[in-house]
Amino acid sequence: MTGDGGSGPSHGGGPGRSTRHVVVMGVSGSGKTTVAEGISALTGLTFAEADEFHPESNVELMRAGVPLDDGHRWPWLRELAGWMAQRAAEGVSTVLACSALRRSYRDVLRQGPPSVDFVFLDGSAEVIRERISRRAGHYMPASLLDSQIATLERPAPDERVLTLDVAATPEELVEAAVEGLDLPRRAGRPSG
């Protein structure tokens, strides 16, 4: 699943250094970080939280309830693509928790490593809003959910994105992602 006209499984990297790169995407509160960390634990892919790549100026805007515009997002997305590309060059597979709400944002991420798989955590605004209300210590206020939903461009069929329903448990979502993308499990981790 490359979404960019590639075919076959998404393996990349140099000779003998095949890597996988997964972006777990969706609006704030959909469970991206939890699912991406779970994928990392099962597979050994190196985890990163895209929010940690934001400059402090972006974080302050979001903390204040101000939605980011594309001028704030493009440098951030390019940095994320670069991070994945660097890991691919090192022969390291990755899993990234990133909103990736618009196709153009996903296209920037696809410019990083040789191929990127996307897992879209989709669900009702009510379920997601309730989850956000229970989160402690996150700078994204629930009030920004509506702007994220308005920004979201659902993946098109040609993007070959694995879509999962956030109504499932985190464990079920992790299993569905690992199975759906045919990710190799870390040695000693049984399936199911």
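Here the structure is shown first, and the text comes after it.
First, a word on scope: everything that follows refers to the structure included in this document.

What counts and what doesn't
- Residues numbered from 1 in each chain as written.
- Predicted model: local features only at pLDDT ≥ 70, side-chain atom pairs only at ≥ 80, totals over all residues.
- Heavy atoms only, no water.
- Axes fitted to C-alpha atoms, helices over the stretch in contact; angles between N-to-C directions.
- Helix = DSSP H or I, 4+ residues; strand = E, 2+ residues; numbered from the N terminus.
- Parallel < 35°, antiparallel > 145°, perpendicular 65-115°, else oblique.
- Left-handed = near helix turned anticlockwise from the far one by under 90°.
- Contact = heavy atoms within 4.5 Å.
- Core = buried A, V, L, I, M, F, W, Y, C linked by side-chain atoms within 4.5 Å.
- Buried < 20%, exposed > 50% of the residue type's maximum accessible area, 1.4 Å probe, protein only.
- Pairing = 2+ DSSP bridges.
- Expected span 1.5 Å × (residues − 1).
- Arc of directions from axis to C-beta.
- Polar contact = N/O pair within 3.5 Å; in protein donor to acceptor, adjacent residues only side chain to side chain.
- Salt bridge = Lys/Arg side-chain N within 4 Å of Asp/Glu carboxyl O.

Turning our eyes to something else, we now look at the packing of helix 1 (residues 32-43) against helix 7 (residues 170-180). Their axes nearest at 9 Å, the elements helix 1 and helix 7 cross at an angle of 60°. By the angle between their axes, helix 1 is oblique relative to helix 7. Of the two possible hands of crossing, helix 1 and helix 7 adopt the one that is right-handed. Contact residues: helix 1 offers Thr34, Val35, Gly38, Ile39, Leu42 and Thr43, while helix 7 offers Pro170, Leu173, Val174, Glu175, Ala177 and Val178.

Let's shift gears to the nonpolar core. Core analysis: the biggest nonpolar cluster contains 46 residues, and Val23, Val24, Ile39, Leu80, Cys98, Leu109 and Val119 have the highest contact counts within it. Top element by residues in this core is helix 3 (residues 70-89). It accounts for five residues. Every residue in contact with leucine 80, bar those within four places of it in the chain, is listed here: Ala50, Phe53, Leu96, Cys98 and Leu109.

Before going further, it helps to spend a moment on the pairing of strand 4 (residues 117-122). With respect to burial, strand 4 is a largely interior element, six of its six residues being buried. Taking every second residue as pointing to the same face, both faces of strand 4 are buried, with Asp117, Val119 and Leu121 on one and Phe118, Phe120 and Asp122 on the other. Taken together, the four bridges between strand 1 (residues 21-25) and strand 4 define a ladder with parallel strand orientation. Note that in strand 4 the partner of valine 24 across the bridge is valine 119. Pairing analysis gives four bridges linking strand 4 to strand 5 (residues 162-165), with the strands arranged parallel. Each residue of the ladder has a partner; that of phenylalanine 120, found in strand 5, is threonine 163.

Below, the discussion takes up helix 3. Working note: α-helix, 3.6 residues per turn, so residues spaced by three or four point in the same direction. Over its 20 residues, helix 3 runs 28 Å from end to end, which matches the ideal 28 Å to within 8%, given 1.5 Å per residue. Of all the residues in helix 3, the buried ones are Arg73, Trp76, Leu77, Leu80, Ala81, Trp83, Met84, Arg87 and Ala88. Mapping the buried residues of helix 3 onto a view down its axis gives an arc of 155°, with all of them on the same face. When the buried face of helix 3 is taken as reference, the exposed residues oriented beyond 90 degrees from it are Gly71, Arg78 and Ala89. Of the surrounding secondary structure, the elements contacted by the buried residues of helix 3 are strand 1, strand 2 (46-49), strand 3 (94-97) and helix 4 (103-110). Here helix 3 starts with a cap whose side-chain oxygen sits 3.0 Å from the backbone nitrogen of glycine 71, and that cap is aspartate 69.

Let us look at the pattern of salt bridges. Any two side chains of opposite charge can pair, on the condition that their charged atoms come close. Under the criterion given, the structure shown has 14 salt bridges. Note that aspartate 117 is salt-bridged to arginine 20, the shortest N-O span being 2.9 Å. Note that aspartate 117 is positioned in strand 4 and arginine 20 in the segment before strand 1, a separation of 97 residues in sequence. Here the two residues aspartate 117 and arginine 20 agree in accessibility, since each one is buried. Glutamate 159 is the partner of arginine 106 in a salt bridge, and the nearest nitrogen-oxygen pair spans 2.8 Å. With arginine 106 in helix 4 and glutamate 159 in the loop between helix 6 (145-151) and strand 5, this residue pair connects regions lying 53 residues apart in the sequence. Under the relative-accessibility criterion, glutamate 159 is labelled buried at 2%. Put simply, Arg103, Arg106, Asp107, Arg110, Asp158 and Glu159 are held in one network by salt bridges that share partners.

Arginine 20 sits in the buried class, given a relative accessible area of 6%. A polar atom in the side chain of arginine 20 sits 2.8 Å from the backbone oxygen of leucine 181.

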